[in-house]
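Architecture at a glance
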Amino acid sequence: MKSSLWLRKIFHMRHLNTQIFVLMILTVTIPLLIISAIIYSASLQTVKSEYTSSSDLILNNLSFNIDQYLQSIEKGTLYAHMDGELQTALEKWINNPDDDQRLSSQYVIQHFIATLEMTIKNVDSVQIYAGHDLFYSANFNRWDLNYENFEKEEWYLKTLKQKGGIVIFGTHSPFHKIDTKEKVISIARVINKTGGKQPLGVMLVDIRLDSLREILSLSENTKRNFVITDSAGAIIYASKDLDFSKRLQIDSQKFQQVLDQETGSFYSDFEGHDSYFNFVTSPYSGWKVIQYTDEREMTKDSAMLGRIILFLAVGSIGMAIIFLIIMRARVTKPIIFLKRQVEKVGMGKFDVDFGSKRQDEFGVLYQGLRKMTEELQDYIDRSSKAKVQQKIARLGALKSQINPHFLANALESVQMKAILNDQREIGEMVGTLGQLFRIHTKMSKDIVSLEQELQHIRLYIKVQQMRFGDKIQYAEELAPQTQNLQVVHFSLQPLIENAIIHGLERRVGPGLLEVRTELKEGQLFIIVRDNGAGMEPEQLAALRQRLEEHTDTGDDNHIGIVNVLERIHLYFGAQYGMTIDSSPSVGTTVTIRLPAVSP
């Protein structure tokens, strides 16, 4: 219901170009925007879904590759348990600190270290701690190392505690290398004597971060970044420069989720941008491999699609505006011009310009309206002249139907004759009738006040009462301030005459004739009512038809009721007039409606 009212308001807009513009927006631009929004939303969800799926697959592969690499290093360290020469050399070095053959034992240990370094890829150094001494690879300069009291260091004690189990240390500076900025990852384990648990030494393998970088390089790009942390959350590796001394700077609850769960994903603010995070936990090392991507990068392709869609929508609105401008120049403005010119013609101003050089439908319309206006003006001029002449002739005919001058003079003569013959009653009657006609003669105006018209009526009633005696009773009920309102002269007398002749005269017994006035909404209502014989429905219908058609039979001896109606229309307009209601044996009521106009 509301939508229909809304559309109705659109179609009732004042200007056609506004309607067309709104309709174009409703039928083209808005549906395009809705469809575009649906497409964009669907593509965005699709991109995110595909990205998360591919991210999970990449992350699992990376975790697997990292575990494979760490396991390969662990297998390399197992050679220390299987190499008999190394076992013997370590045992001699520990048990015979003053033996001259220690030099040969040192050579065997150094040779094993060099061999192991070549076996494991991206190894920074291999170190073996036996007794109180440190054996290191050729990559180290003796003066760059400080390994005093290494037996009390935390990493060493932690390794001894594992009794041969592998221990992985996250990104850190080499334990005993002085003045170095390079970071390494370390794997340490106790070298036990073959077939027993007697510790012969501790092996420490430092791995360059290049090893992890190589594993992750195939997946790292502008969209994807990686962080590897240990089980406690300390950063081991980051594809971007991050502060390794701090935890990953994301929401604490989200970070706790990383530590507590084996795998998962979430969105979080990172470095001032909303980013997508997913992570897996390495089953071998317990490390957390975390992948994160700026959401803007992740949805960049969809954003491009959104911009294209927005461009199309803006273009659609632009095309609607251009179409609106063209429509306004070529269609709406000519229509508005025609509308204003036609309104001038409707107001009676015929000096309008319908000239146009256009050869299309508007040109034909302009020419047609110009011709029609000229013909209409000519017709109105001719019709006005004829109507004025007709009204003048009609008014003269109406007023000439009764010319009481000679009657007034004759009646005065009769009155004098009756008085001389001592016929005073007849003289009074004739004198009243003469006075009646004399008043009518003196009133030369066509419009008089209601009071003046009633003076004439009262004299006429008095003559009729002299004729019929008590058979006719007369009453007036005038609304305040109605006596001075204007009425058509000699408009009530025909109604009074009809009421007496056709109503009260036919009634058995006394009858009442009333004249009443009312003021309603700036209009004067004059009601003439009698309780006489009334009219049959057929008679009433015939009389109403005569009034509607403005026809008079011409067989009345008085000014006909049709003439009264015509005079009302002539002076006050066709919107005013009279109505007649009648019922047999009840009476007749005639109501005259006039504008409430004062002199």
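For the structure, check the block above.
Residues numbered from 1 in each chain as written. Predicted model: local features only at pLDDT ≥ 70, side-chain atom pairs only at ≥ 80, totals over all residues. Heavy atoms only, no water.

A count of helical and extended segments in the chain gives 16 helices and 17 strands. Within the chain, buried positions represent 41% of all 599 residues. Across the chain, contacts joining residues at least 24 apart in sequence account for 60% of those joining residues at least 6 apart. (Helix = DSSP H or I, 4+ residues; strand = E, 2+ residues; numbered from the N terminus. Buried < 20%, exposed > 50% of the residue type's maximum accessible area, 1.4 Å probe, protein only. Contact = heavy atoms within 4.5 Å.)

Summarising the element assignment, S211 is placed in helix α6 (residues 210-217). Given a relative accessible area of 2%, S211 falls into the buried group. When sequence neighbours within four positions are dropped, the list of residues in contact with S211 reads Y69 and N122.

Where a strand is regular, its side chains alternate between the two sheet faces. With six bridges joining them, strand β12 (residues 472-477) and strand β14 (residues 511-520) adopt parallel strand pairing. In the strand pairing of β14, E477 is matched with R516. Sheet topology places β14 next to strand β15 (residues 523-530); eight bridges connect them, and they run antiparallel. Bridging across to β15, E518 finds its partner in F525. Between the antiparallel neighbours β14 and β15 lie two residues, among them E521 with a positive phi of about 50°. (Pairing = 2+ DSSP bridges.)

Next up on the list: the packing of aromatic side chains. As enumerated under the stated definition, the model contains 13 aromatic pairs in all. A ring pair is formed by W155 and F175, whose centres lie 5.0 Å apart and whose planes are at 0°; its orientation type is stacked. One end of the pair, W155, is in helix α5 (residues 154-162); the other, F175, is in the loop between β3 (167-172) and β4 (184-192), with 20 residues separating them in the sequence. Residue class for W155 comes out buried when judged on its relative accessible area of 4%. Accessibility expressed as a relative area gives 27% for F175, which makes it partly exposed. (Phe/Tyr/Trp six-rings, centres within 6.5 Å; stacked < 30°, edge-to-face > 60°.)

Let's shift gears to the sheet that holds strand β16 (residues 577-583). Reading across from one edge, β12-β14-β15-β17-β16 is the order of the five strands in this open sheet, with mixed pairing throughout. The open sheet has two edge strands, β12 and β16, and neither has a second partner. The sheet shows a mean angle of 15° between the axes of neighbouring strands, direction not considered. Note that β16 and strand β17 (residues 587-595) share seven bridges and pair antiparallel. (Axes fitted to C-alpha atoms, helices over the stretch in contact; angles between N-to-C directions.)

What follows deals with the side chain of N225. With respect to the secondary-structure elements, N225 resides in strand β6 (residues 225-229). Judged by its relative accessible area of 8%, N225 is buried.

Those residues of helix α7 (residues 252-260) that fall on the buried side of the exposure criterion are F255, V258 and L259. With its buried residues spanning 95° around the axis, α7 presents them on a single face. Opposite the buried face of α7, by more than 90 degrees, sit the exposed residues Q253 and D260. Those residues of α7 that are buried lie in contact with β8 (263-270), β9 (273-281) and β10 (288-294). (Arc of directions from axis to C-beta.)

Attention now goes to helix α3 (residues 84-95). Compared with the 16 Å implied by 1.5 Å per residue over twelve residues, the 16 Å span of α3 between its first and last C-alpha is a close match. Along α3, the residues classified as buried are L86, Q87, A89, L90 and W93. Take α3 and look down its axis: the buried residues cluster within an arc of 165°, on one side only. Sitting at the head of α3, D83 places a side-chain oxygen 3.1 Å from the backbone nitrogen of E85. (Expected span 1.5 Å × (residues − 1). Polar contact = N/O pair within 3.5 Å; in protein donor to acceptor, adjacent residues only side chain to side chain.)

So, on to the nonpolar core. Within the largest apolar cluster, 40 residues are counted, with the highest numbers of intra-cluster contacts made by I128, M203, I228 and W287. Among the elements that make up this core, the one with the highest residue count is helix α2 (residues 16-82) (seven residues). Ranked by size, the runner-up nonpolar core spans 38 residues in total, among them L485, I500, L543 and F572. (Core = buried A, V, L, I, M, F, W, Y, C linked by side-chain atoms within 4.5 Å.)

Between helix α13 (residues 450-468) and helix α14 (residues 493-504), the shortest axis-to-axis distance is 10 Å and the interhelical angle comes to 20°. Taken together, the axes of α13 and α14 are roughly parallel relative to one another. Once α13 is placed against α14, the crossing between them reads as right-handed. Contact residues: α13 offers E453, H456, I457, Y460, I461, Q464 and F468, while α14 offers Q493, I496, E497 and I500. A class-by-class count of the residues in the contact of α13 with α14 yields six nonpolar, three polar and two charged. (Parallel < 35°, antiparallel > 145°, perpendicular 65-115°, else oblique. Left-handed = near helix turned anticlockwise from the far one by under 90°. Nonpolar A, V, L, I, M, F, W, Y, C, P; charged D, E, K, R; others polar.)

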